[in-house]
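An overview of the molecular structure
Spelled out, the chains give:
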Amino acid sequence: MTAGYAELLRTRHAARLLTGTLVGRLPSATGHIAIVLFTRSEGGSYTLAGALAAVYGLAMALGQPLLGRAVDLRGQPRVMLPAAVVSALGMAAFAFVGIGSLPLAYAAVTVAGLFTPPLEGGLRALWPGVLKREDRVHAAYAMDAVAQEVMFTVGPLLVTLIVSLWSAAGALLVINLIGVAGALSVVVSEPSRAWRSAPREAHWLGALRSSGLLALLGSFFFVGLALGSITVAGVAYADDQGRESVYGWLMAALGLGALLGGALYGVRQWTGAPERRLRILVGLLALGYVPLVFTPSVVPMCVLAGVAGVFLAPSLACAFIVVDRHAPRGTVTEAFSWLVTTFGVGAAVGTAAAGPAIEGGSTAWGFAVAAVGGFAALLVLLATVKVLGASGRSTGVTGSSESDRKGAVEPGFSAGHQA
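Overview of the structure. Model, not experiment: these values are computed from the prediction.

Quick look at the overall build of the chain now. Secondary structure assignment for the chain yields 18 helices and zero strands. Looking at the 419 residues of the chain, the share that counts as buried comes to 61%. Partitioning the contacts of the chain with sequence separation of at least 6, the portion at a separation of at least 24 is 84%. Just so you have it, the chain exposes about 15600 Å², and 68% of that area is on carbon and sulfur atoms.

So, in C-alpha coordinates, the structure goes:
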(Lines give C-alpha, C1' and ligand atoms only; values in the text may rest on other atoms or scores of the structure.)
Protein backbone atom coordinates (compact mmCIF):
# COMPACT_ATOMS: atom_id res chain seq x y z
CA MET A 1 0.00 0.00 0.00
CA THR A 2 1.24 3.52 -0.78
CA ALA A 3 2.73 5.18 2.27
CA GLY A 4 0.57 7.90 3.78
CA TYR A 5 1.80 11.48 3.70
CA ALA A 6 1.94 11.65 7.50
CA GLU A 7 4.16 8.57 7.59
CA LEU A 8 6.45 10.04 4.96
CA LEU A 9 6.80 13.32 6.84
CA ARG A 10 7.70 11.47 10.04
CA THR A 11 10.72 10.01 8.25
CA ARG A 12 13.90 11.70 9.40
CA HIS A 13 14.79 14.77 7.28
CA ALA A 14 11.68 14.48 5.04
CA ALA A 15 9.64 17.36 6.49
CA ARG A 16 12.63 19.68 6.60
CA LEU A 17 13.68 18.95 3.02
CA LEU A 18 10.15 19.36 1.68
CA THR A 19 9.53 22.59 3.59
CA GLY A 20 12.93 24.08 2.77
CA THR A 21 12.55 23.27 -0.90
CA LEU A 22 9.07 24.77 -1.10
CA VAL A 23 10.17 27.94 0.67
CA GLY A 24 13.29 28.12 -1.48
CA ARG A 25 11.19 27.80 -4.62
CA LEU A 26 8.85 30.66 -3.74
CA PRO A 27 10.71 33.09 -6.07
CA SER A 28 10.52 30.72 -9.05
CA ALA A 29 6.85 29.96 -8.36
CA THR A 30 5.72 33.58 -7.94
CA GLY A 31 8.47 35.58 -9.61
CA HIS A 32 6.59 35.90 -12.90
CA ILE A 33 3.50 37.09 -11.01
CA ALA A 34 5.53 39.67 -9.08
CA ILE A 35 7.19 40.83 -12.31
CA VAL A 36 3.82 41.34 -14.03
CA LEU A 37 2.34 43.22 -11.06
CA PHE A 38 5.49 45.35 -10.63
CA THR A 39 5.62 46.24 -14.33
CA ARG A 40 1.95 47.20 -14.35
CA SER A 41 2.42 49.30 -11.19
CA GLU A 42 5.23 51.17 -12.97
CA GLY A 43 2.89 52.00 -15.85
CA GLY A 44 4.08 49.29 -18.24
CA SER A 45 1.77 47.60 -20.73
CA TYR A 46 0.57 43.99 -20.65
CA THR A 47 2.92 43.26 -23.54
CA LEU A 48 5.94 44.62 -21.64
CA ALA A 49 4.89 42.80 -18.47
CA GLY A 50 4.52 39.56 -20.42
CA ALA A 51 7.86 40.09 -22.18
CA LEU A 52 9.77 40.67 -18.93
CA ALA A 53 8.12 37.65 -17.33
CA ALA A 54 8.94 35.65 -20.45
CA VAL A 55 12.62 36.63 -20.32
CA TYR A 56 12.72 35.64 -16.65
CA GLY A 57 11.12 32.30 -17.47
CA LEU A 58 13.42 31.65 -20.43
CA ALA A 59 16.51 32.50 -18.38
CA MET A 60 15.34 30.18 -15.62
CA ALA A 61 14.66 27.49 -18.20
CA LEU A 62 18.20 27.81 -19.52
CA GLY A 63 19.80 27.87 -16.09
CA GLN A 64 17.96 24.92 -14.51
CA PRO A 65 19.53 22.06 -16.52
CA LEU A 66 22.95 23.73 -16.49
CA LEU A 67 22.84 24.14 -12.72
CA GLY A 68 21.29 20.66 -12.43
CA ARG A 69 24.25 19.15 -14.28
CA ALA A 70 26.59 21.14 -12.03
CA VAL A 71 24.80 19.68 -8.99
CA ASP A 72 25.19 16.15 -10.38
CA LEU A 73 28.91 16.79 -10.82
CA ARG A 74 29.76 18.89 -7.73
CA GLY A 75 27.05 18.27 -5.15
CA GLN A 76 24.17 20.40 -3.90
CA PRO A 77 25.63 22.88 -1.37
CA ARG A 78 28.37 24.15 -3.69
CA VAL A 79 25.83 25.08 -6.36
CA MET A 80 22.44 25.71 -4.75
CA LEU A 81 23.19 28.44 -2.19
CA PRO A 82 25.48 30.64 -4.32
CA ALA A 83 22.94 30.46 -7.14
CA ALA A 84 20.09 31.46 -4.80
CA VAL A 85 22.01 34.53 -3.59
CA VAL A 86 22.89 35.70 -7.11
CA SER A 87 19.28 35.19 -8.26
CA ALA A 88 17.96 37.27 -5.34
CA LEU A 89 20.42 40.04 -6.11
CA GLY A 90 19.23 40.10 -9.72
CA MET A 91 15.60 40.50 -8.69
CA ALA A 92 16.56 43.17 -6.15
CA ALA A 93 18.29 45.07 -8.95
CA PHE A 94 15.10 44.89 -11.03
CA ALA A 95 13.07 46.26 -8.11
CA PHE A 96 15.39 49.28 -7.83
CA VAL A 97 15.91 49.87 -11.56
CA GLY A 98 12.26 49.53 -12.53
CA ILE A 99 11.30 49.89 -16.19
CA GLY A 100 12.92 53.30 -16.64
CA SER A 101 15.90 51.63 -18.30
CA LEU A 102 14.63 48.64 -20.22
CA PRO A 103 18.09 47.16 -21.00
CA LEU A 104 18.91 47.14 -17.27
CA ALA A 105 15.47 45.73 -16.44
CA TYR A 106 15.87 42.88 -18.91
CA ALA A 107 19.42 42.21 -17.69
CA ALA A 108 18.27 42.07 -14.06
CA VAL A 109 15.43 39.60 -14.66
CA THR A 110 17.77 37.53 -16.83
CA VAL A 111 20.26 37.18 -13.98
CA ALA A 112 17.45 36.39 -11.53
CA GLY A 113 16.11 33.65 -13.76
CA LEU A 114 19.42 32.20 -14.91
CA PHE A 115 20.68 31.58 -11.36
CA THR A 116 17.46 30.20 -9.88
CA PRO A 117 18.71 27.12 -7.98
CA PRO A 118 17.37 23.69 -9.15
CA LEU A 119 15.83 22.90 -5.77
CA GLU A 120 12.93 21.00 -7.29
CA GLY A 121 15.15 18.51 -9.11
CA GLY A 122 17.45 18.39 -6.12
CA LEU A 123 14.67 17.30 -3.78
CA ARG A 124 13.59 14.47 -6.07
CA ALA A 125 17.20 13.30 -6.22
CA LEU A 126 17.26 13.16 -2.40
CA TRP A 127 14.01 11.22 -1.89
CA PRO A 128 15.41 7.72 -2.65
CA GLY A 129 18.14 8.02 -0.03
CA VAL A 130 15.81 9.48 2.58
CA LEU A 131 12.77 7.22 2.04
CA LYS A 132 14.57 3.98 0.99
CA ARG A 133 11.67 2.25 -0.82
CA GLU A 134 10.23 2.69 -4.30
CA ASP A 135 6.59 2.87 -3.16
CA ARG A 136 7.48 5.54 -0.60
CA VAL A 137 9.41 7.57 -3.18
CA HIS A 138 6.50 7.46 -5.64
CA ALA A 139 4.19 8.56 -2.82
CA ALA A 140 6.63 11.38 -2.10
CA TYR A 141 6.36 12.52 -5.73
CA ALA A 142 2.60 12.89 -5.23
CA MET A 143 3.11 14.59 -1.87
CA ASP A 144 5.62 16.92 -3.51
CA ALA A 145 3.09 17.87 -6.19
CA VAL A 146 0.43 18.50 -3.54
CA ALA A 147 2.80 20.58 -1.43
CA GLN A 148 3.70 22.63 -4.49
CA GLU A 149 0.06 23.53 -4.86
CA VAL A 150 -0.01 24.80 -1.29
CA MET A 151 2.76 27.15 -2.36
CA PHE A 152 0.96 28.03 -5.60
CA THR A 153 -2.16 28.74 -3.56
CA VAL A 154 -0.51 30.77 -0.82
CA GLY A 155 2.18 32.34 -3.01
CA PRO A 156 -0.05 34.56 -5.18
CA LEU A 157 -2.00 35.64 -2.09
CA LEU A 158 1.28 36.47 -0.33
CA VAL A 159 2.50 38.51 -3.29
CA THR A 160 -0.75 40.46 -3.62
CA LEU A 161 -0.84 40.99 0.17
CA ILE A 162 2.67 42.46 0.16
CA VAL A 163 1.75 44.63 -2.82
CA SER A 164 -1.33 45.98 -1.03
CA LEU A 165 0.44 46.52 2.31
CA TRP A 166 3.74 47.76 0.92
CA SER A 167 4.46 47.85 -2.81
CA ALA A 168 5.09 45.68 -5.85
CA ALA A 169 8.82 46.36 -5.50
CA GLY A 170 8.65 45.23 -1.89
CA ALA A 171 7.05 41.97 -3.02
CA LEU A 172 10.00 41.29 -5.32
CA LEU A 173 12.44 41.80 -2.45
CA VAL A 174 10.57 39.81 0.19
CA ILE A 175 9.87 36.69 -1.86
CA ASN A 176 13.52 36.44 -2.91
CA LEU A 177 14.81 36.92 0.63
CA ILE A 178 12.51 34.11 1.71
CA GLY A 179 13.83 32.00 -1.17
CA VAL A 180 17.44 32.34 -0.03
CA ALA A 181 16.44 31.25 3.48
CA GLY A 182 14.74 28.14 2.08
CA ALA A 183 17.76 27.19 -0.03
CA LEU A 184 20.02 27.61 2.99
CA SER A 185 17.82 25.29 5.04
CA VAL A 186 18.12 22.56 2.38
CA VAL A 187 21.84 22.70 1.66
CA VAL A 188 22.94 22.57 5.32
CA SER A 189 20.90 19.40 5.91
CA GLU A 190 22.68 16.06 6.23
CA PRO A 191 21.11 14.40 3.15
CA SER A 192 21.98 17.35 0.93
CA ARG A 193 25.57 17.50 2.17
CA ALA A 194 26.05 13.73 1.80
CA TRP A 195 24.38 13.31 -1.60
CA ARG A 196 26.53 12.36 -4.58
CA SER A 197 25.41 11.55 -8.09
CA ALA A 198 25.74 8.00 -9.41
CA PRO A 199 28.49 7.43 -12.02
CA ARG A 200 27.36 8.68 -15.40
CA GLU A 201 28.30 8.05 -18.99
CA ALA A 202 30.18 11.01 -20.42
CA HIS A 203 27.88 12.43 -23.09
CA TRP A 204 27.35 16.02 -24.11
CA LEU A 205 23.58 15.52 -24.35
CA GLY A 206 23.40 14.23 -20.77
CA ALA A 207 19.80 13.37 -19.86
CA LEU A 208 18.55 14.47 -23.28
CA ARG A 209 19.89 11.33 -24.95
CA SER A 210 16.71 9.57 -23.71
CA SER A 211 14.03 9.67 -26.43
CA GLY A 212 11.31 8.95 -23.87
CA LEU A 213 12.38 11.92 -21.77
CA LEU A 214 12.35 14.14 -24.86
CA ALA A 215 8.77 13.09 -25.61
CA LEU A 216 7.68 13.93 -22.08
CA LEU A 217 9.43 17.30 -22.21
CA GLY A 218 7.71 18.15 -25.48
CA SER A 219 4.33 17.58 -23.88
CA PHE A 220 5.04 19.56 -20.74
CA PHE A 221 6.28 22.51 -22.77
CA PHE A 222 2.62 23.00 -23.74
CA VAL A 223 1.39 22.44 -20.18
CA GLY A 224 3.72 25.26 -19.17
CA LEU A 225 2.41 27.39 -22.03
CA ALA A 226 -1.11 26.95 -20.70
CA LEU A 227 -0.16 28.00 -17.17
CA GLY A 228 1.92 30.94 -18.39
CA SER A 229 -0.94 32.34 -20.43
CA ILE A 230 -3.28 32.07 -17.44
CA THR A 231 -0.87 34.25 -15.44
CA VAL A 232 -1.35 37.20 -17.80
CA ALA A 233 -5.00 36.46 -18.60
CA GLY A 234 -5.74 36.43 -14.86
CA VAL A 235 -4.33 39.94 -14.45
CA ALA A 236 -6.45 41.15 -17.37
CA TYR A 237 -9.53 39.51 -15.86
CA ALA A 238 -8.88 41.26 -12.53
CA ASP A 239 -8.53 44.59 -14.36
CA ASP A 240 -11.85 43.94 -16.13
CA GLN A 241 -13.47 43.41 -12.73
CA GLY A 242 -11.88 46.59 -11.35
CA ARG A 243 -10.35 44.82 -8.34
CA GLU A 244 -6.66 43.90 -8.15
CA SER A 245 -7.33 41.36 -5.37
CA VAL A 246 -9.38 39.22 -7.79
CA TYR A 247 -6.15 38.10 -9.41
CA GLY A 248 -4.85 36.61 -6.18
CA TRP A 249 -8.12 34.78 -5.57
CA LEU A 250 -8.19 33.43 -9.10
CA MET A 251 -4.65 32.06 -8.88
CA ALA A 252 -5.33 30.72 -5.38
CA ALA A 253 -8.43 28.88 -6.66
CA LEU A 254 -6.36 27.32 -9.44
CA GLY A 255 -3.78 26.18 -6.89
CA LEU A 256 -6.42 24.94 -4.45
CA GLY A 257 -7.97 22.78 -7.16
CA ALA A 258 -4.58 21.28 -7.95
CA LEU A 259 -3.96 20.70 -4.23
CA LEU A 260 -7.22 18.76 -3.86
CA GLY A 261 -6.58 16.78 -7.02
CA GLY A 262 -3.07 15.89 -5.95
CA ALA A 263 -4.22 14.85 -2.48
CA LEU A 264 -6.82 12.48 -3.93
CA TYR A 265 -4.33 11.12 -6.46
CA GLY A 266 -1.70 10.39 -3.85
CA VAL A 267 -3.82 8.43 -1.38
CA ARG A 268 -4.19 5.37 -3.58
CA GLN A 269 -1.78 2.98 -5.22
CA TRP A 270 -1.90 3.08 -9.00
CA THR A 271 -1.28 0.09 -11.24
CA GLY A 272 -0.41 -0.08 -14.91
CA ALA A 273 2.02 1.96 -16.99
CA PRO A 274 2.30 5.56 -15.78
CA GLU A 275 2.72 6.70 -19.39
CA ARG A 276 -0.85 5.63 -20.22
CA ARG A 277 -2.17 7.21 -17.01
CA LEU A 278 -0.39 10.45 -17.90
CA ARG A 279 -2.22 10.67 -21.23
CA ILE A 280 -5.57 10.44 -19.46
CA LEU A 281 -4.62 13.03 -16.84
CA VAL A 282 -3.30 15.54 -19.38
CA GLY A 283 -6.45 15.09 -21.47
CA LEU A 284 -8.62 15.91 -18.48
CA LEU A 285 -6.35 18.86 -17.66
CA ALA A 286 -6.86 20.24 -21.17
CA LEU A 287 -10.64 19.92 -20.90
CA GLY A 288 -10.60 21.86 -17.62
CA TYR A 289 -9.12 24.95 -19.28
CA VAL A 290 -11.90 25.32 -21.87
CA PRO A 291 -14.63 26.85 -19.60
CA LEU A 292 -12.28 29.67 -18.53
CA VAL A 293 -12.74 31.19 -21.99
CA PHE A 294 -16.29 32.24 -21.03
CA THR A 295 -14.93 34.59 -18.27
CA PRO A 296 -18.06 34.75 -16.06
CA SER A 297 -18.37 36.85 -12.89
CA VAL A 298 -15.83 36.46 -10.10
CA VAL A 299 -17.35 33.66 -8.01
CA PRO A 300 -18.14 31.32 -10.92
CA MET A 301 -14.77 32.14 -12.46
CA CYS A 302 -12.95 31.13 -9.28
CA VAL A 303 -14.95 27.89 -9.20
CA LEU A 304 -14.00 27.18 -12.81
CA ALA A 305 -10.36 27.96 -12.00
CA GLY A 306 -10.48 25.47 -9.14
CA VAL A 307 -11.91 22.79 -11.43
CA ALA A 308 -9.28 23.61 -14.07
CA GLY A 309 -6.53 23.00 -11.53
CA VAL A 310 -7.74 19.59 -10.29
CA PHE A 311 -5.70 17.51 -12.73
CA LEU A 312 -2.53 19.61 -12.64
CA ALA A 313 -0.88 18.07 -9.55
CA PRO A 314 -1.78 14.49 -10.57
CA SER A 315 -0.29 15.15 -14.02
CA LEU A 316 2.91 16.44 -12.43
CA ALA A 317 3.16 13.56 -9.96
CA CYS A 318 2.73 11.05 -12.77
CA ALA A 319 5.27 12.93 -14.90
CA PHE A 320 7.84 12.65 -12.08
CA ILE A 321 7.52 8.85 -12.22
CA VAL A 322 7.91 8.90 -16.00
CA VAL A 323 11.07 11.00 -15.65
CA ASP A 324 12.39 8.48 -13.15
CA ARG A 325 11.75 5.66 -15.65
CA HIS A 326 13.45 7.38 -18.59
CA ALA A 327 16.39 9.37 -17.13
CA PRO A 328 19.83 7.93 -17.96
CA ARG A 329 21.98 6.83 -15.03
CA GLY A 330 23.74 9.63 -13.18
CA THR A 331 21.55 12.41 -14.62
CA VAL A 332 18.74 12.48 -12.06
CA THR A 333 18.99 16.16 -11.04
CA GLU A 334 19.56 17.24 -14.62
CA ALA A 335 16.60 15.19 -15.89
CA PHE A 336 14.18 16.67 -13.37
CA SER A 337 15.64 20.10 -14.07
CA TRP A 338 14.89 19.65 -17.77
CA LEU A 339 11.24 19.12 -16.82
CA VAL A 340 11.35 22.43 -14.94
CA THR A 341 13.06 23.98 -17.97
CA THR A 342 10.47 22.92 -20.52
CA PHE A 343 7.78 24.07 -18.13
CA GLY A 344 9.55 27.42 -17.86
CA VAL A 345 10.05 27.83 -21.60
CA GLY A 346 6.41 26.96 -22.20
CA ALA A 347 5.27 29.38 -19.50
CA ALA A 348 7.47 32.11 -21.01
CA VAL A 349 5.95 31.54 -24.44
CA GLY A 350 2.49 31.50 -22.87
CA THR A 351 3.01 34.81 -21.06
CA ALA A 352 4.44 36.39 -24.21
CA ALA A 353 1.55 35.12 -26.36
CA ALA A 354 -1.24 36.00 -23.94
CA GLY A 355 -0.40 39.72 -23.79
CA PRO A 356 -0.87 40.42 -27.52
CA ALA A 357 -3.86 38.02 -27.62
CA ILE A 358 -5.58 40.06 -24.90
CA GLU A 359 -4.70 43.45 -26.38
CA GLY A 360 -5.65 42.34 -29.90
CA GLY A 361 -8.85 40.60 -28.83
CA SER A 362 -10.07 40.28 -25.26
CA THR A 363 -9.39 38.59 -21.93
CA ALA A 364 -11.14 35.49 -23.26
CA TRP A 365 -8.47 35.17 -25.94
CA GLY A 366 -5.82 34.95 -23.21
CA PHE A 367 -7.60 32.00 -21.62
CA ALA A 368 -8.07 30.46 -25.08
CA VAL A 369 -4.26 30.25 -25.35
CA ALA A 370 -4.34 28.05 -22.23
CA ALA A 371 -6.91 25.68 -23.73
CA VAL A 372 -4.90 25.35 -26.94
CA GLY A 373 -1.77 24.61 -24.90
CA GLY A 374 -3.51 21.87 -22.95
CA PHE A 375 -4.71 20.03 -26.06
CA ALA A 376 -1.31 20.43 -27.73
CA ALA A 377 0.27 18.70 -24.70
CA LEU A 378 -2.15 15.80 -25.13
CA LEU A 379 -1.41 15.53 -28.86
CA VAL A 380 2.33 15.21 -28.16
CA LEU A 381 1.70 12.33 -25.75
CA LEU A 382 -0.59 10.61 -28.26
CA ALA A 383 1.96 11.04 -31.05
CA THR A 384 4.78 9.52 -28.96
CA VAL A 385 2.97 6.50 -27.50
CA LYS A 386 5.49 4.04 -28.97
CA VAL A 387 8.52 6.05 -27.88
CA LEU A 388 7.34 6.40 -24.28
CA GLY A 389 6.07 2.84 -24.09
CA ALA A 390 9.25 1.23 -25.46
CA SER A 391 11.59 3.25 -23.24
CA GLY A 392 9.39 2.82 -20.18
CA ARG A 393 9.47 -0.97 -20.47
CA SER A 394 13.27 -1.09 -20.63
CA THR A 395 14.82 -2.49 -17.50
CA GLY A 396 17.95 -0.42 -17.98
CA VAL A 397 20.65 -0.13 -15.40
CA THR A 398 19.73 0.00 -11.76
CA GLY A 399 21.77 1.48 -9.03
CA SER A 400 21.76 2.43 -5.40
CA SER A 401 20.55 5.71 -4.09
CA GLU A 402 22.72 8.59 -5.06
CA SER A 403 22.70 9.80 -1.48
CA ASP A 404 23.56 6.43 0.02
CA ARG A 405 26.60 4.68 -1.38
CA LYS A 406 26.03 1.72 0.90
CA GLY A 407 22.91 0.82 -1.08
CA ALA A 408 20.18 1.53 1.44
CA VAL A 409 17.61 1.58 -1.34
CA GLU A 410 16.03 -1.78 -2.00
CA PRO A 411 17.61 -3.71 -4.91
CA GLY A 412 15.97 -3.06 -8.26
CA PHE A 413 14.89 0.52 -7.53
CA SER A 414 16.47 2.62 -10.22
CA ALA A 415 16.14 5.96 -8.37
CA GLY A 416 16.10 7.70 -11.70
CA HIS A 417 19.06 5.87 -13.25
CA GLN A 418 17.44 3.86 -16.00
CA ALA A 419 18.99 4.31 -19.40
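Take the environment of Ala93 next. Its location among the elements puts Ala93 in helix H5 (residues 77–97). Taking the C-alpha atoms as reference points, Ala93 and Leu172, 79 residues apart in sequence, are found 9.8 Å from one another.

Within the largest apolar cluster, 128 residues are counted, with the highest numbers of intra-cluster contacts made by Ile35, Phe94, Trp127, Phe220, Leu278 and Tyr289. If one sorts the elements of this core by residue count, helix H11 (residues 211–241) sits on top with 15 residues. Apart from residues no more than four positions distant in its own chain, Trp127 is found in contact with Ala14, Leu18, Lys132, Val137, Ala140, Tyr141, Met143 and Asp144.

Considering the arrangement of structural elements, one finds Arg277 in helix H13 (residues 274–289). Although Arg277 is buried, it forms no salt bridge, and the closest oppositely charged side chain is Glu275 at an N-O distance of 7.9 Å. With residues up to four places along the chain from it excluded, the contact list for Arg277 reads Tyr265, Trp270, Thr271, Gly272, Cys318 and Ile321.

Of note in this structure, His13 is not a glycine but carries a positive phi near 80 degrees. One can find His13 in the loop between helix H1 (5–10) and helix H2 (14–24).

Its 31 residues place the ends of H11 46 Å apart at the C-alpha level, agreeing with the 45 Å of an ideal helix rising 1.5 Å per residue. Summarising burial for H11: 23 of the 31 residues are buried, a large majority. Of the residues flanking the end of H11, it is Gly242, one or two places downstream, whose phi is positive at about 75 degrees.

Attention now moves to helix H15 (residues 312–326). Across its 15 residues, H15 extends 21 Å between first and last C-alpha, which sits within 8% of the 21 Å expected from 1.5 Å per residue. For H15, the tally of buried residues reaches 14 of 15 residues, placing the bulk of the element in the interior.

A few words now on the environment of Trp365. Relative to the helices and strands, Trp365 resides in helix H17 (residues 363–383). Residue Trp365 is classed as exposed on the basis of its relative accessible area, which comes to 55%. The sequence separation of Trp365 and Ala233 amounts to 132 residues, and the corresponding C-alpha distance is 8.2 Å.

This part covers a nonpolar patch on the surface. A surface patch of nonpolar side chains, about 550 Å² in accessible area, is lined by Ile280, Leu284, Leu287, Val290, Phe294 and Phe375. The dominant element in the nonpolar patch, judged by the number of residues it contributes, is H13, at three residues.

To continue, consider the environment of Thr331. Along the polypeptide, Thr331 turns up in the loop between H15 and helix H16 (332–360). Look at Thr331 and you get buried, because its relative accessible area is 0%. Each C-alpha atom of the pair Thr331 and Leu73 lies 9.4 Å from the other, and the pair is 258 residues apart in sequence.

Attention shifts here to the packing of aromatic side chains. Throughout the structure, instances matching the rule amount to four aromatic pairs. Judged by centre distance (6.4 Å) and plane angle (75 degrees), the rings of Phe320 and Phe336 are edge-to-face. With Phe320 in helix H15 and Phe336 in helix H16, the pair connects residues that are 16 residues apart, well separated along the chain. Look at Phe320 and you get buried, because its relative accessible area is 0%.

Parameters at a glance
Note on numbering: residues in each chain are counted from 1, in written sequence order. Where totals are concerned, whole chains, interfaces and linings use all residues; where local detail is concerned, this predicted model gives features only for residues with pLDDT of at least 70, and gives and counts side-chain atom pairs only at 80 or more. The side-chain numbers reported here are obtained from all heavy atoms of the structure, hydrogens and water having been left aside. Only runs of H or I of at least four residues qualify as helices and only runs of E of at least two qualify as strands under DSSP, and these elements are numbered from the N terminus. The buried label goes to any residue with under 20% of its type's maximum accessible area, the exposed label to any with over 50%, and the partly exposed label to all in between, with areas taken from a 1.4 Å probe on protein chains only. In what follows, a contact means two residues having at least one pair of non-hydrogen atoms within 4.5 Å. Accessible surface area values rest on a Shrake-Rupley calculation with a 1.4 Å probe, where residue burial reflects the displayed protein chains alone. For this analysis, a nonpolar core means a set of buried residues of the types Ala, Val, Leu, Ile, Met, Phe, Trp, Tyr and Cys, connected via side-chain atoms within 4.5 Å. Positive residues here are Lys and Arg, negative ones are Asp and Glu, while His and the chain termini are left out of the count. Should a side-chain nitrogen of Lys or Arg be within 4 Å of a carboxyl oxygen of Asp or Glu, the pair is scored as a salt bridge. Here the expected length of a helix is defined as 1.5 Å per residue gap, with one fewer gap than residues. Every patch collects residues that have over 30% relative accessible area and no salt bridge, joining them within 9 Å if they carry like charges and within 5 Å if they are nonpolar side chains (Val, Leu, Ile, Met, Phe, Trp, Tyr). Here a Phe, Tyr or Trp ring, Trp counted by its six-membered ring, pairs with any other such ring whose centre lies within 6.5 Å, and the pair is stacked when the planes are under 30 degrees apart, edge-to-face when over 60, and tilted otherwise.

Just distances and angles here, no functional claims.
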